[in-house]
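Descriptive structure summary
Listed here are the chains, written in short residue letters.
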Amino acid sequence: MDIQQASHAPWQKMIQQCFLSLYELPDDKITDSDHFQGYDFVFEFSGATIYLLVNTVLMQANKQEVDNAKVREWRKEVVNQLIKRHAQIYQKNDSLIVDRSAATTDKAVYFIGLTSLSINHQDDQSGHSSYAVGYEYGSRFFAEDCVLDLDDEQSILQVFSHQNFVDILNQLVTPSDLTTFLDFHRRQLSSFASFQNESTLLKQFLQSPDFHQRAIRVQEQLINSELIEQVELRLLKAVEPNQTVFADALIAEMQKNTGMWFKLFNSVIERYYEAGTPLPNEQVDILVDESMYTYACLVEKILAYRTMDQDSRWNGYVRHEHSYHVFGRHYLMVFYAQDDSSSLSAENVRLSYKDLLSDINVQLQEPVMDDLFLLGVEFRPCEDSVNTEVYLDIFHQEGSLIDESTQRLYDRLAQLQAQL
């Protein structure tokens with residue numbers, strides 16, 4: 001048997017095919033003193049930093065040498081290499097460890113180890129160069145074969161196989177949902193909880209209160225601010241015991257709607273780019289770093305257009321939505337009027353979106369929101385079919401505090417408009 005280290009090509013491909021590509025730090029930023037040095041990849045989200053170590057190994061062996069025991073031995077060797085490497089790199093960053101311990105920061109840090117194991121059969125005449133080995137780990141593996149350092153929960157190396165991590169990314173879709181799962185996974189490791197493998201743990205996570213707890217907390221904050229009256233009943237039902245069937249159905253619907261959202265969102269980015277007015281990176285980051293539940297709610301309101309009466313479609317209408325990921329983000333959804341003379345026609349909204357966002361800012365002063373988005377929704381008939389195409393416009397404004405005199409002026413204008 002021979003061991004050969006392979007290139008980072010599989011990892012680069014994985015990064016390019018998911019949201020991680022938006023958050024990968026360039027070399028000049030990775031070397032900043034604020035970051036741990038020596039990791040293969042670094043990704044910085046709005047509320048978290050992920051440090052990635054990868055180990056791609058190609059094993060040379062004859063077919064008769066390969067069995068379950070041998071594969072387990074190879075996996076142990078591959079993971080131990082990662083564990084040792086992480087320990088060495090982490091200790092070399094001791095000054096940053098001290099600084100982080102003394103600082104008060106809300107930004108979470110995760111250390112991820114990814115492994116890929118392939119076998120090249122020296123006696124294979126079929127022409128295949130190598131065979132990827134599919135596998136997962138589970139808690140028993142780390143209890144018996146590769147003991148992780150669990151003394152400091154924040155520095156735990158969370159290890160996944162390449163295939164398994166790609167599946168996790170495909171199911172969780174967004175940075176916020178990924179980091180919530182990483183929290184869940186890290187807690188299972190540090191508490192010595194038993195789980196068969198990472199796939200079953202992911203399923204358990206999606207059915208657990210942990211997955212929906214962020215959305216419930218945001219709604220509780222909105223209730224305290226008197227912006228909504230109650231937490232959504234389906235969220236409360238999804239976290240009840242013995243509601244796994246309901247939770248599974250809700251997750252499936254969320255994943256389907258999230259796929260629809262990203263098709264719309266990607267078309268917006270492409271359209272703006274081709275028009276020479278690309279959406280600012282800061283806005284793209286905010287919208288990508290949402291939660292699947294937020295996307296699901298936005299798409300539900302878009303799909304509800306089919307059930308609206310003709311008067312609403314003709315004159316246009318407005319719907320409000322908020323982020324279920326962070327408190328302080330608000331969405332104004334304007335469904336463009338079919339009547340070109342309406343104040344809610346596509347042309348008029350595109351000209352007056354700043355005023356509309358300013359009006360929302362005035363209404364959301366206690367407390368002031370961080371980010372306000374106006375999503376313009378337009379339905380157009382397809383030229384070559386009976387289907388309907390949906391187009392989105394995206395406008396953004398940061399929330400701001402207004403003074404008392406400006407507030408009185410807005411109140412007076414609202415009274416005058418009500419009298420017309």
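That block above? That's the structure.
Residues numbered from 1 in each chain as written. Predicted model: local features only at pLDDT ≥ 70, side-chain atom pairs only at ≥ 80, totals over all residues. Heavy atoms only, no water.

Time to look at the overall build of the chain. Helix and strand counts for the chain come out as 17 helices and ten strands. Counting all 420 residues of the chain, 46% fall into the buried class. Long-range contacts, defined as pairs at least 24 residues apart, comprise 68% of the intrachain contacts of the chain with a sequence gap of at least 6. For the chain, the accessible surface area stands at approximately 21800 Å², while carbon and sulfur atoms represent 48% of it. (Helix = DSSP H or I, 4+ residues; strand = E, 2+ residues; numbered from the N terminus. Buried < 20%, exposed > 50% of the residue type's maximum accessible area, 1.4 Å probe, protein only. Contact = heavy atoms within 4.5 Å. Areas by Shrake-Rupley, 256 points an atom, 1.4 Å probe, with all protein chains shown as cover.)

Time to look at the side chain of E321. Position of E321 among the secondary structure elements: in strand β7 (residues 317–322). A distance of 3.2 Å separates a polar atom in the side chain of E321 from a polar atom in the side chain of Y324. What E321 contacts, discounting residues up to four positions off in sequence, is C297, L298, K301, H330 and Y331. (Polar contact = N/O pair within 3.5 Å; in protein donor to acceptor, adjacent residues only side chain to side chain.)

Further remarks concern the environment of V377. Here V377 is to be found in strand β9 (residues 371–381). For V377, a relative accessible area of 1% translates into the label buried. For V377 and G316, which are 61 residues apart along the polypeptide, the C-alpha to C-alpha distance reads 9.9 Å. Apart from the residues lying within four places of it in its own chain, the contact partners of V377 are I302, M333, V334, F335, Y336, V390, Y391 and L392.

Moving on, we get to helix α8 (residues 175–190). Its 16 residues give α8 an end-to-end C-alpha distance of 22 Å, which sits within 8% of 22 Å, the value for a rise of 1.5 Å per residue. With 13 of 16 residues buried, α8 is to be regarded as a mostly interior element. In the stretch just after α8, F192 is the one whose phi turns positive, near 60 degrees. (Expected span 1.5 Å × (residues − 1).)

This part is about the layout of surface pockets. Empty space within the largest pocket amounts to approximately 620 Å³. Lining the largest pocket are 28 residues, and of these E378, F379, E389, V390 and Y391 lie nearest its centre. Elements with a contribution of two residues or more to the lining of the largest pocket: α12 (244–274), α14 (292–303), α16 (346–363), β9 and β10 (388–398). Tallied by class, the residues present in the lining of the largest pocket amount to 15 nonpolar, four polar and nine charged. In this structure, the second largest pocket occupies an estimated 360 Å³ of space. (1 Å grid on protein atoms, 1.4 Å probe; cavity = no way out; pocket = protein on both sides within 12 Å on 5 of 7 lines; lining within 4 Å. Points joined across faces, edges and corners; volume = space filled by probe spheres on them. Nonpolar A, V, L, I, M, F, W, Y, C, P; charged D, E, K, R; others polar.)

What follows deals with the pattern of salt bridges. All told, the structure shown has 15 salt bridges when counted by the stated rule. Note that D183 and R186 form a salt bridge whose closest N and O atoms lie 3.5 Å from each other. Of the two residues, D183 and R186 are both situated in helix α8; the distance of three residues between them amounts to about one turn of the helix. R186 gets classed as buried once you look at its relative accessible area, which sits at 3%. Each of R271, R350, E378, R380 and D393 takes part in a single network of salt bridges with overlapping partners. (Salt bridge = Lys/Arg side-chain N within 4 Å of Asp/Glu carboxyl O.)

Pairing in this open sheet of four strands is mixed, and the strands run β7-β8-β9-β10 from one edge to the other. The two strands at the open ends of the sheet, each matched to only one other strand, are β7 and β10. Averaged over all adjacent pairs, the angle separating strand axes in this sheet is 20 degrees, with direction ignored. Bridge count between β7 and strand β8 (residues 329–335): six bridges; the pairing is antiparallel. The partner of R319 across the bridge, within β8, is M333. In the packing of α14 onto the sheet, the strands contacted are β7, β8, β9 and β10, and the crossing angle to β8 comes to about 15 degrees. (Pairing = 2+ DSSP bridges. Axes fitted to C-alpha atoms, helices over the stretch in contact; angles between N-to-C directions.)

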